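Listed below, chain by chain, are the residues.
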Amino acid sequence: MAEQAASVETKPGKCLQHNEERAVDALGVEDSNNSMRTQGDKGIFTIDQRCKMETLTTSKATYVPLKGPGVRLKGIRRELLEKQITQKIREKIHTELSPAAPEPDYSSTTQRDFSVPGFVPSRPKSTEVHDYKSEQAITFWSENCQQIQGVTPIRNLNAPFRKSALFSTPITERLDEEDLPPDD
């Protein structure tokens, strides 16, 4: 056995291999199954398998918590005064960092914008008589129809958005047309 251990140690690069096997060889245990390789040898650390591990570590055993002097270091009046001052400072900083929420305004848009005191509503007088059934309504788009891009060319300014088949009419047929169709 000493010859085998010496032969293993003398080979270069093999110093860390077979360490477990050498430790088990000294006990004389045969490795008949793979349980030794998967679970290890239980007799290497302790011989008594029924003993419990210690729960107290070295650092826990040597640590001693700090103890106070056992006597009051400050008087009662000074403690109360310090508590009062710290409370005032805490409240002051709290008010500076978080100001009070503003009063919510629950008025509606109508109340805010249209119910102004002193306002007297009046309608402008019409300059012409209009017929809403036959006339085109005046809107932003009807007044700015010349600036709109992507719209079929407007031929009648009184009715700029009427149905028009000009966009689908072939150019050759459109050039042959002399009169425009009536807008009625």
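The structure displayed is predicted, hence computed values, not measured ones.

Caption draft 1: Quick peek at the overall build of the protein chain. When helices and strands are tallied, the protein chain shows eight helices and zero strands. Scanning the protein chain from its N terminus toward the C terminus, one meets helices and strands in the order α-α-α-α-α-α-α-α. Every one of the 184 residues in the protein chain was classed for burial, and the buried ones make up 4%. Considering only intrachain contacts with a sequence separation of at least 6, the fraction spanning at least 24 residues in the protein chain is 14%.

Caption draft 2: Representation of the side chain of serine 142 in the model. Mapped onto the secondary structure, serine 142 falls in helix 7 (residues 140-143). Under the relative-accessibility criterion, serine 142 is labelled buried at 15%. Here threonine 139 takes part through its backbone nitrogen, which lies 2.8 Å from a polar atom of the side chain of serine 142. Ignoring sequence-local partners within four residues, the contact set of serine 142 consists of Ala137 and Phe161.

Caption draft 3: Seen up close, the pattern of salt bridges. Taken as a whole, this structure holds four salt bridges when the rule is applied. Here glutamate 79 makes a salt bridge to arginine 72, at a shortest N to O gap of 2.8 Å. You can call glutamate 79 partly exposed: its relative accessible area is 31%. Ionic pairing is found between lysine 74 and glutamate 82, a salt bridge with its closest N-O pair at 3.0 Å. Given the relative accessible area of 35%, lysine 74 is considered partly exposed. Residue glutamate 82 is classed as partly exposed on the basis of its relative accessible area, which comes to 29%.

Caption draft 4: Molecular detail of the environment of glutamine 146. Positionally, glutamine 146 belongs in the loop between helix 7 and helix 8 (171-176). Glutamine 146 sits in the exposed class, given a relative accessible area of 55%. As a C-alpha pair, glutamine 146 and leucine 157 span 11 residues in sequence and 9.3 Å in three-dimensional space.

Caption draft 5: Broad picture of the packing of aromatic side chains. Tallied over the full model, the rule gives one aromatic pair. For the ring pair phenylalanine 140 and tryptophan 141, a centre distance of 5.0 Å and an interplane angle of 80° mean the geometry is edge-to-face. Of the two residues, phenylalanine 140 and tryptophan 141, both sit in the exposed class.

The rules we used
Residues numbered from 1 in each chain as written. Predicted model: local features only at pLDDT ≥ 70, side-chain atom pairs only at ≥ 80, totals over all residues. Heavy atoms only, no water. Helix = DSSP H or I, 4+ residues; strand = E, 2+ residues; numbered from the N terminus. Buried < 20%, exposed > 50% of the residue type's maximum accessible area, 1.4 Å probe, protein only. Contact = heavy atoms within 4.5 Å. Polar contact = N/O pair within 3.5 Å; in protein donor to acceptor, adjacent residues only side chain to side chain. Salt bridge = Lys/Arg side-chain N within 4 Å of Asp/Glu carboxyl O. Phe/Tyr/Trp six-rings, centres within 6.5 Å; stacked < 30°, edge-to-face > 60°.

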